[in-house]
Structures are given as C-alpha cells and as structure tokens.
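# Reading the structure
Residue-level listing of the chains:
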Amino acid sequence: MAEKRKFTIPIGPQHPALKEPESFSVALKGEKILGVEIKLGYNHRGLEKACESRTFIQDIYLIERICGICSHSHSTCFIQAVEEIAGLQIPARANYIRTLVGELERVHSHLLWLGVAGHEIGFDTLLMYSWRDREVVMDVLAELTGNRVNYGINTIGGVRRDISEEQIKETAKAIDILEERTKYYVEVAQQETTIIKRLSGVGVLKHDDALRLGAVGPTARASNIARDIRKDDPYAAYAELDFKVITDNHEDIYGRTVVRLLELMESYKIIRQVLEKLPAGDICVKAPRKIPAGEALSRYEAPRGEDMHYVKANGTEKPDRVKVRAPTLANVQSVKTMLQDRNLADMPIVIAAIDPCFSCTDRMTQVTDLADNSRQVWDWEKLRSHGIEWYRQRGVDFTALNNKLKQRL
Amino acid sequence: MINPGKMLKEVLCSLFRKPVTVLYPHVKMEMPVGFRGAIKFSPDKCSGCKLCMRDCPTNAITINKVGEKQFECEIDLGKCIYCGQCVDSCFKKALEVTRDMELAQAGKNKGKLKVTHR
C-alpha cells in the first residue's frame, strides 16, 4: 500500500503559482515531497546568438531586455566587459550615475519581491502596500533615465544622461519617504505573526549546502555567506562608498526576507552617499565603433545575485560571442535541496524566495524522446511546425483564420 | 515581540485616504520631462547620413531620399522600442524624443509614422 501512494505531479510549465513558464516534476508521498526535477528551457529566446548578429551599440538595448527587473544590471555587466576589451577609462561621474541607477533598481526589485512573497503566502495586504510604495522609486527612475524599466542609461564609454541639481534634490526627497516606509516593513517582518510563522523553518538551505550548490545573492547571504560582488570585486563607484554586506543566520525564507529588507536600508545609504559625492565632469568618453579583438569576463551584483557576462570581440563592430550567466541559474539548483522532505504547499513560496527569473536563465530547449531516451536540441522552425501540428491533431486549425487575416490586412 | 495584525492600523488608515490609483484615461497622465516617447523628425535638418538606421536595434527607422537634399523618415511604431539611440546618433539633431506615449493604433499598417519634406 505504501508503495502505491507515491506519485509524481507536474508543476508547470503553465501553473498559477509560477509567474513564468518552467517545469517542476515533483515526486510526492502524500503531502511530502520526495524529490524535485527541474526542467529549464521553456523561455528560451536565443538572445546570445542574436547578440552576435548585431553591433555593440544595438546589443546594449538587446542585453537590457534579458530581464525586465534587473535590466540595468545586465546592460552594465555587458558594457563593463566591452569597455575592458576596448581599454576605455570611463569618467568618475558616469560611474557614480551607474551606481545610483543600479541601487535604485535594487530598491525597486526588493520591494517587488516583498510584494510577491506576501502574495505567495496569502498576505495580499503586504503586496498592495509594498507595490504602492514601489511606485515612488519607479517615478524617480522614470524622471532620471526616461523610462520606468529598461532605463537605457548606459552607453559604451559612460552614461547617456546627466543628473541635474534639481533631480538630486527630488531623489533625496523620495529616498526619505522610502526609508521611512522600509523601516515600517522591517518592523512588520519582525513582529507580524503571519510572516514569522509562515516563513520560519521553510525552505531551509544550510550554510554548507549553500556553499556546495554555489548559491548567490540574498539566497546565499541568508545562509550566512558574506558574498557580495560589490565588496569582493568592486566595480563602478562601490570601492569609494561605505556600506555593509548584510548576512543572516536564519538559513530559511524568513532570513531571506530580513536580508532583502535590510539590504534596502543599505541601498538608501549608498544612494545618499552617491548624491552627496557625485563628482563633476564629463559623463561619457568617445568609444570606437569597432571594438579591438579580445575577451573579458565581467561580474555584477544584481538584486538577485551575481550576474556574469563573457564577451569576445574580434575587431569588428559585432561581438564574436556573448555568454550570460544570470543569477537564477546559480540559485535554481538550491530549490531542490530546500524542498526535500517538505510539504507541497511550501513549493510556491520556496521557488519565489530565490526571486527567480527564468527567462533570463534559459539558454536552450532540449527535447527528450521518452521511447528511446534520445535527446535533441530543436531549432525555431522545428518548434513552430511541431506546435502547429500538435494543435491540428487536436482539432485546432488556424489556417483558415490566418488566410482571412491576411486578406484583411 | 510578536504582534498579530501589525498592518491593521495601516489598513484602517487607508479607509479614509484617497485612492493612489488614477482613473486613466479619464484623468490625463503626464510623463516626466525626460521621458522617451515617440520620436520627432525635422526634415529640414536631416543630411541623410543614415547613422540612425545603422544604430537602431530593431530596424524601426528608415530614411529615404525624396529629392535633392530632401529626406523622408518612416518610423514603425510597432518595432520601435523607444530607446532613443537614433537621437543620440544623429549629428544634425534632426531627431528628438517627445513625451507622447499614447501611440496605440487599430491596425498593423497604421502604426507607421511618416514625415516627409514639404
């Protein structure tokens, strides 16, 4: 009888608990999770290949669209690599502006995560209020860069927009409001029973496991690993700024919540210093269109953890190879350990707690034939024809509708 | 200290506050001054160097020669990602960003903005 009660259920690719398509195959015994198999690849967009057929300038905007939330992280990471290959020394003011936008992005990302985490544990009040407060930082970003997301502030050799005295004052005012609100959320996290009881002891990732699995960002820091690229390998203006690396020894989702909230307070500290110290001078140096041959690896502390870009140039206007390792790829394996022997009901919040961004992570789609266990990689054309055929077999045919649409347009 | 209903006060206070949301489109929304919206083309400044076409990440902009030192510009609003790179690339300042963001069109072909030299 006991053997019969074991079963496997698929969570995803399309599932209400997941914000993006990704497949988790969960082996269950009653409510208890025996094992999880993670299948990546449902959001593959071919971005790395697309980079190779565009110029470096065009790539900035493509790379920025890897992720909607940490767009500045990806574009800065890419540009740092390109600038290193080209041997460009970027002005101090540009470095400070990059840091400022990077930290504002961290603020909006962490507030967004707080809301999502609240939603996943059924605490929607927290979602509504934290997202309302997030609008303050979104407005600041729109004011400084010209857009709410995909800021487009970076260019090879510096930044595209300068910051005026008035904007500095406005940003400082917004930071005061945000700091007050964040203090309140820290209090909520430390006192509210709903949060403490639901998140304590859930999604446990021990210190040794986190090291072994190579966790990054707040996931690692909540397991008491002081790993932060801003401190370990300072880029932009971080070497000149004073801030702490927040760690926590809870080793669970509650710890990750506390780490993110306290990191917000550190971000406000960094932003204030940047606004005060902002050096005068140019914001951009002239960059060549053809980047000399060479390769570089660049690291950046995105809100979700360490982001890594590898760029290889061959002396033309277009890169030879671009490789992106998004933070979620480093963290996704730890989900397996976190869910081992836990209840199925913990799954949504455990996945949400690493702040996953699956579309940033996916690099290829691999198809396994269950009959002979053979594996093959499908290209775009094959996927498309497979999709059309799959629906046609089930009586859904869009050919007539397609023809009708073509006639009308 | 454990305090159930820590957010209760906040929730009750909100009962007497005005909503944060705005009834768009009944209430007009203004974008900030530096917002990157639709691209404006000034035909008399264009020299036809086509640097904007070369740098556009989505090939949304097209410059055509229509006469002696006369150029027309066509921007596909469906392709444009409003990054403003064409504005940065233009040496003659023939292109500029506007705050116009209400660009939805009914129909694929209506989404093309064409500015011709008059």
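None of the values given here were measured: they were computed from a predicted structure.

With that out of the way, let us pick up the overall build of chain B. Each helix and strand counted, chain B has three helices and five strands in total. Mapped in sequence order, the helices and strands of chain B form the string α-β-α-β-β-α-β-β. If one aligns the C-alpha atoms of chain B with their principal axes, the spans along those axes are about 75 × 35 × 25 Å. Here chain B, with 118 residues, has 34% of them falling under the buried criterion. A sequence separation of at least 24 residues applies to 68% of the contacts in chain B between residues at least 6 apart. When the accessible surface of chain B is summed, it comes to about 8,000 Å², and 57% of that surface belongs to carbon and sulfur atoms. When the 21 basic and 12 acidic side-chain charges of chain B are each reduced to a single mean position, those positions are 3 Å apart.

In this section: a nonpolar patch on the surface. Residues and elements named next belong to chain A. Together, Trp 390, Tyr 391, Val 396, Phe 398 and Leu 401 give the surface a local cluster of nonpolar side chains, amounting to about 510 Å² of exposed area. Position of Val 396 relative to the elements: it lies in the loop between helix H15 (380-393) and helix H16 (399-408). On the basis of relative accessible area, Val 396 is assigned to the partly exposed category, the value being 33%.

What follows is about the packing of aromatic side chains. All names here are of chain A. Under the counting rule described, the total for this entry stands at six aromatic pairs over all chains. The rings of Tyr 235, Tyr 238, Phe 243 and Tyr 300 are connected pair by pair, giving a single aromatic cluster. It is Lys 231 that lies over the ring of Phe 243; its NZ or CZ is 4.1 Å from the centre. We note Arg 394 situated over the ring of Trp 390; from NZ or CZ to the ring centre the distance is 3.7 Å.

With that out of the way, let us pick up the packing of helix H4 (residues 92-120) of chain A against helix H11 (residues 253-277) of chain A. Angle between the axes and distance between the axes: these two values describe a pair of packed helices. Residues and elements named next belong to chain A. Axis separation between H4 and H11 bottoms out at 9 Å; the angle between their running directions is 155 degrees. Considered as vectors, H4 and H11 are oriented roughly antiparallel to each other. For the element pair H4 and H11, the recorded crossing hand is left-handed. Contacts between H4 and H11 involve Tyr 96, Thr 99, Leu 100, Glu 103, Leu 104, Arg 106, Val 107, His 110, Leu 111, Trp 113 and Leu 114 from the first element and Thr 257, Arg 260, Leu 261, Glu 263, Leu 264, Ser 267, Tyr 268, Ile 270, Ile 271, Val 274, Leu 275 and Lys 277 from the second. Of the residues contributing to the contact of H4 with H11, the split by class is 14 nonpolar, four polar and five charged.

Moving on: the interface of chain B and chain A. In this complex, chain B contributes 28 residues to the contact, which on the side of chain A involves 33 residues. Around 2,700 Å² of area is buried between chain B and chain A when both sides are counted, 47% of it from carbon and sulfur atoms. Three residues, Lys 6, Met 7 and Arg 36 of chain B, lead the burial of chain B against chain A; their summed loss comes to 26% of the area buried on that side. Where chain B touches chain A, the interface holds six salt bridges.

Compared with an ideal rise of 1.5 Å per residue, which puts 22 residues at 32 Å, helix H5 (residues 124-145) of chain A spans 31 Å between its outermost C-alpha atoms and is within 8% of the ideal. Two residues or fewer after H5 of chain A comes Gly 146 of chain A, characterised by a positive phi angle close to 100 degrees.

Right, let's talk about the sheet that holds strand S5 (residues 112-115) of chain B for a bit. Either a parallel or an antiparallel arrangement is found when strands of a sheet pair, and the pairing is made through backbone hydrogen bonds. Residue and element names in this part refer to chain B. Strand order in this open sheet of three strands is S2-S3-S5, and the pairing throughout is antiparallel. Across the chains shown, the open sheet's two edge strands, defined by having one partner strand only, are strand S2 (61-67) and S5. The sheet shows a mean angle of 20 degrees between the axes of neighbouring strands, taken without regard to direction. Across six bridges, S2 lies against strand S3 (residues 70-76) in antiparallel orientation. In the strand pairing of S3, Gly 67 is matched with Gln 70.

Counting 84 residues, the largest nonpolar core has Phe 24 and Leu 104 of chain A as its most contacted members. If near-sequence neighbours (up to four positions away) are discounted, Leu 104 of chain A is found in contact with Val 137, Val 140, Leu 141, Leu 144, Ile 175 and Ile 271 of chain A. Leu 47, Phe 56 and Ile 79 of chain A together with Cys 83 of chain B belong to the second largest nonpolar core, which has 30 residues in total.

A separate point is the pattern of salt bridges. In this structure the tally under the stated criterion is 40 salt bridges over all chains. Linking Lys 6 of chain B and Glu 187 of chain A is a salt bridge whose minimum nitrogen-to-oxygen distance equals 3.0 Å. Here Glu 187 of chain A lies in helix H6 (residues 165-191) and Lys 6 of chain B lies in the segment before helix H1 (8-14), a pairing that spans two chains. The salt bridge partner of Arg 342 of chain A is Asp 346 of chain A, with a shortest N-O separation of 3.3 Å. In this structure Asp 346 of chain A comes out as buried when scored by relative accessible area, which is 7%. In this structure, a network of salt bridges that share partners links the residues Glu 103, Arg 106, Arg 221, Asp 228, Arg 230, Glu 263 and Glu 301 of chain A.

Taken as a whole, the largest pocket holds about 1,300 Å³ of empty space. Lining the largest pocket are 35 residues, and of these Leu 40, Gly 41, Tyr 42, Thr 365 and Gln 366 of chain A sit closest to its centre. Going through the elements one at a time, strand S3 (32-39), strand S9 (366-368), strand S10 (375-377) and H15 of chain A are the ones with two or more residues in the lining of the largest pocket. Taken together, the residues of the lining of the largest pocket sort by class into 15 nonpolar, 13 polar and seven charged. Its volume calculated, the second largest pocket comes out at about 630 Å³. Lining the second largest pocket we find 23 residues, and of these Ile 57, Thr 155 and Ala 287 of chain A together with Gln 85 and Asp 88 of chain B sit closest to its centre. Where the lining of the second largest pocket is concerned, the elements lending two or more residues are helix H2 (56-64) of chain A together with helix H2 (51-55) and helix H3 (85-89) of chain B. The biggest single contributor to the lining of the second largest pocket is H3 of chain B, with three residues. A class-by-class count of the residues in the lining of the second largest pocket yields twelve nonpolar, four polar and seven charged.

The next thing to look at is the state of the cysteines. A covalent bond bridging the sulfur atoms of two cysteines is what the word disulfide describes. Scanning the entire structure with this criterion turns up one disulfide over all chains. Sulfur-sulfur distance for the disulfide between Cys 357 of chain A and Cys 360 of chain A comes to 2.5 Å. When sorted by exposure, Cys 357 of chain A lands in the same class as Cys 360 of chain A, which is buried. Of all cysteine sulfurs, the one in Cys 67 of chain A lies closest to Cys 70 of chain A, which takes part in no disulfide; the gap is 3.4 Å. Cys 56 of chain B supplies the cysteine sulfur nearest to Cys 83 of chain B, a cysteine that is in no disulfide, at a spacing of 6.4 Å.

The next subject is the sheet that holds S3 of chain A. Residues and elements named next belong to chain A. Taken in spatial order, the three strands line up as S1-S2-S3 in an open sheet, and their pairing is antiparallel. Each having just a single partner strand, strand S1 (6-11) and S3 make up the two edges of the open sheet. For this sheet the average axis-to-axis angle between neighbouring strands, irrespective of direction, equals 20 degrees.

Residues and elements named next belong to chain A. Position of Ser 53 relative to the elements: it lies in the loop between helix H1 (47-52) and H2. Residue Ser 53 is classed as partly exposed on the basis of its relative accessible area of 46%. Spatially, the C-alpha atom of Ser 53 lies 38 Å from that of Leu 275, the residues being 222 residues apart in sequence. Within the structure, Ser 53 has its side chain in polar contact with the backbone oxygen of Ala 50 (distance 3.0 Å).

Definitions and limits used
Residues numbered from 1 in each chain as written. Chains lettered and ligands numbered in written order. Predicted model: local features only at pLDDT ≥ 70, side-chain atom pairs only at ≥ 80, totals over all residues. Heavy atoms only, no water. Helix = DSSP H or I, 4+ residues; strand = E, 2+ residues; numbered from the N terminus. Buried < 20%, exposed > 50% of the residue type's maximum accessible area, 1.4 Å probe, protein only. Contact = heavy atoms within 4.5 Å. Areas by Shrake-Rupley, 256 points an atom, 1.4 Å probe, with all protein chains shown as cover. Lys, Arg positive; Asp, Glu negative; His and termini not counted. Charge placed at Lys NZ, Arg CZ, Asp CG, Glu CD. Patch = residues over 30% accessible without salt bridge, like charges linked within 9 Å, V, L, I, M, F, W, Y side chains within 5 Å. Salt bridge = Lys/Arg side-chain N within 4 Å of Asp/Glu carboxyl O. Phe/Tyr/Trp six-rings, centres within 6.5 Å; stacked < 30°, edge-to-face > 60°. Lys NZ or Arg CZ within 6 Å of the ring centre and 35° of its normal. Axes fitted to C-alpha atoms, helices over the stretch in contact; angles between N-to-C directions. Parallel < 35°, antiparallel > 145°, perpendicular 65-115°, else oblique. Left-handed = near helix turned anticlockwise from the far one by under 90°. Nonpolar A, V, L, I, M, F, W, Y, C, P; charged D, E, K, R; others polar. Buried area = accessible area lost by both parts, 1.4 Å probe. Expected span 1.5 Å × (residues − 1). Pairing = 2+ DSSP bridges. Core = buried A, V, L, I, M, F, W, Y, C linked by side-chain atoms within 4.5 Å. 1 Å grid on protein atoms, 1.4 Å probe; cavity = no way out; pocket = protein on both sides within 12 Å on 5 of 7 lines; lining within 4 Å. Points joined across faces, edges and corners; volume = space filled by probe spheres on them. Disulfide = S-S within 2.5 Å. Polar contact = N/O pair within 3.5 Å; in protein donor to acceptor, adjacent residues only side chain to side chain.

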